[in-house]
Amino acid sequence: MKKTFPVNFRWGCSTSAHQIEGSTVNDWTQWESSIDREKFLRQAGKNPEEFISGMACDSWNRFEQDIACLKEVGVNSYRFSIEWSRVEPERGVFDQTVIERYVHFAQRLKEEGIEPFVTLWHWPVPLWVRDQGRWESPQTVGDFVKFAEVMVTAMHSHVRTWITINEPLVYTSNSYVTGQWPPQQKSLRKAFRVARHLVQAHRHAYTAIKKIDSTLQVGLSKHNIHFSAKQPWGVNQVFARALTYLWNEWFLNRVRRHQDFIGLNYYFHNSVDVKFGKKEKVYSDMGWELYPEGLYRVLKGLKRYGKPVYITEHGLADKDDRHRAWYLQESLRYAHQVLNEGVDLRGYFHWSLLDNFEWADGFFPRFGLFEVDFVTCERKARPSVAVYREIIEQGGPEVLE
Ligand code: FCB
């Protein structure tokens, strides 16, 4: 038996610029190779070199190889991001060669029958933005909108779907609450300021993009977690509801009038248990619990917005490809359920096409459908490629009884 998705369903893979392109110069690269970071990693018994993005997958030069990988999977869509620091290395100075390279890439994808979904900001910022205070500064909002206008003007004849910002609250919490990412702040006041500026950046960019071409589809990618309570009553229930509001809904409520679709990134299920605080079972290489039903739950949670939804990220770190096929199939079965339950699900993008630079965790987590040798940059299909390919060919996953 099959779970068949609509014929025009978007089947894709996702990546982001800093994680695959290589040779970028931005606030992350500076932080990765800073002396403090090196000290910190050495003290933790780690090899700092494994935490420097360096040439990553060298996708900036090997984009034709990436297209070949996409063809091998058989996707009809690809989500990638633009590296702001390449396009605008100095404030107001836009590098035409870089812009043309991105235009060419989008063109090539179209030629191959792959629809580009483009993210404008997936976390690193140019050094001049860092120096003006990143998203703490209101100036960054206006600068981002200008950058968005330049890219959309250049690319909109090839790119119809735009994602302004990736996971605003993951960025805010890791950079300004837990302090794990640059600029390593621990300040709720700053976090709130940054989140407010990201709301504004999205809204203004939305309006600016629609002015360029009102038929473009604009949204953002939101990381939502399925918070369940150990018992469906009492204090755990209250906490689960409060966390759902703060993490899943607060941002989306603020941009609801400025989005044509919602991009959902799903990775986590948190079972709230105030009393025992038990740790969840772990399955992925990073210790993230694999809980396909959570995808169904967070999708259902988006029903209230009444917008089309794309799953813009979903995947797992699984070097040996032990759970990927199961996780993919099972999650898609759950995703399929929402179609008959009032959620207008339009597409699924697997994270990720390639093994890549996983932020503060460096190169150890292997999220790729393709394994990457980070010395030679060679890409090699993991067995799950064939599984995803078959799902796409069949229009959905088989149901295993
Ligand atoms: C998401 C990020 C993406 C990648 C995956 C594993 O939160 O958007 O860049 O790191 O997690």
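Residues numbered from 1 in each chain as written. Predicted model: local features only at pLDDT ≥ 70, side-chain atom pairs only at ≥ 80, totals over all residues. Heavy atoms only, no water.

Description of the sheet that holds strand 5 (residues 217–229)
Phase 1: Reading around the circumference, 1-2-3-4-5-6-7-8 is the order of the eight strands in this closed barrel, with parallel pairing throughout. The sheet shows a mean angle of 30° between the axes of neighbouring strands, taken without regard to direction.
Phase 2: The pairing of strand 2 (residues 77–81) with strand 3 (residues 115–121) spans five bridges and is classified as parallel. Across the sheet, Phe80 pairs through a bridge with Val118, a residue of strand 3.
Phase 3: Running at roughly 125° to strand 6 (residues 261–272), helix 12 (residues 292–301) makes contact with strand 5, strand 6, strand 7 (309–314) and strand 8 (345–351) of the sheet. (Pairing = 2+ DSSP bridges. Helix = DSSP H or I, 4+ residues; strand = E, 2+ residues; numbered from the N terminus. Axes fitted to C-alpha atoms, helices over the stretch in contact; angles between N-to-C directions. Contact = heavy atoms within 4.5 Å.)

Concerning unusual backbone geometry
Phase 1: Put simply, Pro182 and Pro183 share a cis peptide bond, and its omega is 10°.
Phase 2: Along the chain, the position of Pro183 falls in the loop between helix 9 (168–176) and helix 10 (188–212).
Phase 3: Of note in the backbone geometry, Arg134 takes a positive phi value of approximately 50° without being a glycine.
Phase 4: By relative accessible area, Arg134 is classed as buried at 9%.
Phase 5: With phi around 65°, Cys377 is a residue other than glycine that occupies positive phi space.
Phase 6: Here Cys377 shows up in the loop between strand 9 (370–372) and strand 10 (379–381). (Buried < 20%, exposed > 50% of the residue type's maximum accessible area, 1.4 Å probe, protein only.)

A word on the side chain of Thr161
Phase 1: Checked against the element boundaries, Thr161 lands in strand 4 (residues 161–166).
Phase 2: Beyond its immediate stretch of four places on either side in the chain, Thr161 contacts Pro116, Phe117, Val118, Gln217 and Phe261.

Examining the confidence of the model for the protein chain
Phase 1: Looking at the protein chain, the pLDDT average stands at 95 and 97% of residues meet or exceed 70.
Phase 2: A low-confidence stretch, residues 276–280 stays under pLDDT 50, and its non-local contacts, those more than four residues away or across chains, total four contacts. (pLDDT = per-residue confidence, 0-100.)

Let's talk about the site of the ligand
Phase 1: All residues adjacent to the ligand are Gln19, His122, Trp123, Asn166, Glu167, Tyr267, Glu313, Trp351, Glu358, Trp359 and Phe367.
Phase 2: Between the ligand and Glu313 there is a distance of 3.0 Å, counted from an oxygen atom to a side-chain nitrogen or oxygen.
Phase 3: Take Trp359: an N or O atom from its side chain is 3.0 Å from an oxygen atom of the ligand.
Phase 4: A class-by-class count of the residues in the shell around the ligand yields five nonpolar, three polar and three charged. (Near = heavy atom within 4 Å. Polar contact = N/O pair within 3.5 Å; in protein donor to acceptor, adjacent residues only side chain to side chain. Nonpolar A, V, L, I, M, F, W, Y, C, P; charged D, E, K, R; others polar.)

Overview of the packing of helix 9 against helix 10
Phase 1: As a packed pair, helix 9 and helix 10 sit with axes 9 Å apart at the nearest point and diverge in direction by 155°. Considered as vectors, helix 9 and helix 10 are oriented roughly antiparallel to each other. Note that helix 9 runs across helix 10; the crossing there is right-handed. Here Pro168, Leu169, Tyr171, Thr172 and Tyr176 of helix 9 lie close against helix 10, whose contacting residues are Lys190, Ala191, Val194, Ala195 and Leu198. (Parallel < 35°, antiparallel > 145°, perpendicular 65-115°, else oblique. Left-handed = near helix turned anticlockwise from the far one by under 90°.)

Considering helix 6 (residues 96–111)
Phase 1: In this model helix 6 runs 22 Å from its N-terminal to its C-terminal C-alpha over 16 residues, within 8% of the 22 Å that 1.5 Å per residue would give.
Phase 2: Of the surrounding elements, those touching the buried residues of helix 6 are helix 1 (17–20), helix 4 (63–73), strand 2, helix 5 (84–87), strand 3 and helix 8 (138–155).
Phase 3: Measuring from the backbone nitrogen of Thr97 back to the side-chain oxygen at the start of helix 6 gives 3.0 Å, which picks out Asp95 as the cap.
Phase 4: Count one or two residues on from helix 6 and you reach Gly113, which has phi positive near 75°. (Expected span 1.5 Å × (residues − 1).)

So, the pattern of salt bridges
Phase 1: Enumeration according to the criterion identifies 25 salt bridges in this entry.
Phase 2: With a shortest N-O distance of 2.9 Å, Arg62 and Asp58 are connected by a salt bridge.
Phase 3: Classification of Arg62 by relative accessible area gives partly exposed; the value is 23%.
Phase 4: Among the residues examined, Asp58 registers a relative accessible area of 10% and is labelled buried.
Phase 5: In this structure, the salt-bridge partner of Lys71 is Glu112, at a minimum N-O distance of 2.9 Å. (Salt bridge = Lys/Arg side-chain N within 4 Å of Asp/Glu carboxyl O.)

Here we look at the packing of aromatic side chains
Phase 1: Applying the stated criterion across every chain, the model contains 38 aromatic pairs.
Phase 2: Seen in terms of ring centroids, Phe5 and Trp11 are 5.2 Å apart; in terms of plane orientation they differ by 75°. Their pairing is edge-to-face. We note that Phe5, like Trp11, is buried.
Phase 3: Aromatic side chains Phe63 and Phe105 sit 5.7 Å apart centroid to centroid with 80° between the ring planes, which places their arrangement in the edge-to-face category. Of this pair, Phe63 sits in helix 4 while Phe105 sits in helix 6, and the two are 42 residues apart along the sequence.
Phase 4: Ring pairing ties together the aromatic residues Trp84, Trp121, Trp128, Trp135, Phe144, Phe147, Tyr171 and Tyr176, which thus form one cluster. (Phe/Tyr/Trp six-rings, centres within 6.5 Å; stacked < 30°, edge-to-face > 60°.)

Focus: the environment of Ser384
Phase 1: Here Ser384 is to be found in helix 14 (residues 384–394).
Phase 2: Here the alpha-carbon distance between Ser384 and Gly368, two residues 16 residues apart in the chain, equals 9.7 Å.
Phase 3: With near-sequence residues (within four places) excluded, Ser384 lies in contact with Asp321, Arg324, Ala325 and Leu369.
Phase 4: A distance of 2.7 Å separates a polar atom in the side chain of Ser384 from a polar atom in the side chain of Asp321.

Concerning a positive patch on the surface
Phase 1: Among the surface-exposed residues, Arg203, Arg254, Arg256 and Arg257 lie close enough to one another that they form a single positively charged patch.
Phase 2: According to the relative accessible area criterion, Arg254 is partly exposed, its value standing at 30%. (Patch = residues over 30% accessible without salt bridge, like charges linked within 9 Å, V, L, I, M, F, W, Y side chains within 5 Å. Areas by Shrake-Rupley, 256 points an atom, 1.4 Å probe, with all protein chains shown as cover. Lys, Arg positive; Asp, Glu negative; His and termini not counted. Charge placed at Lys NZ, Arg CZ, Asp CG, Glu CD.)

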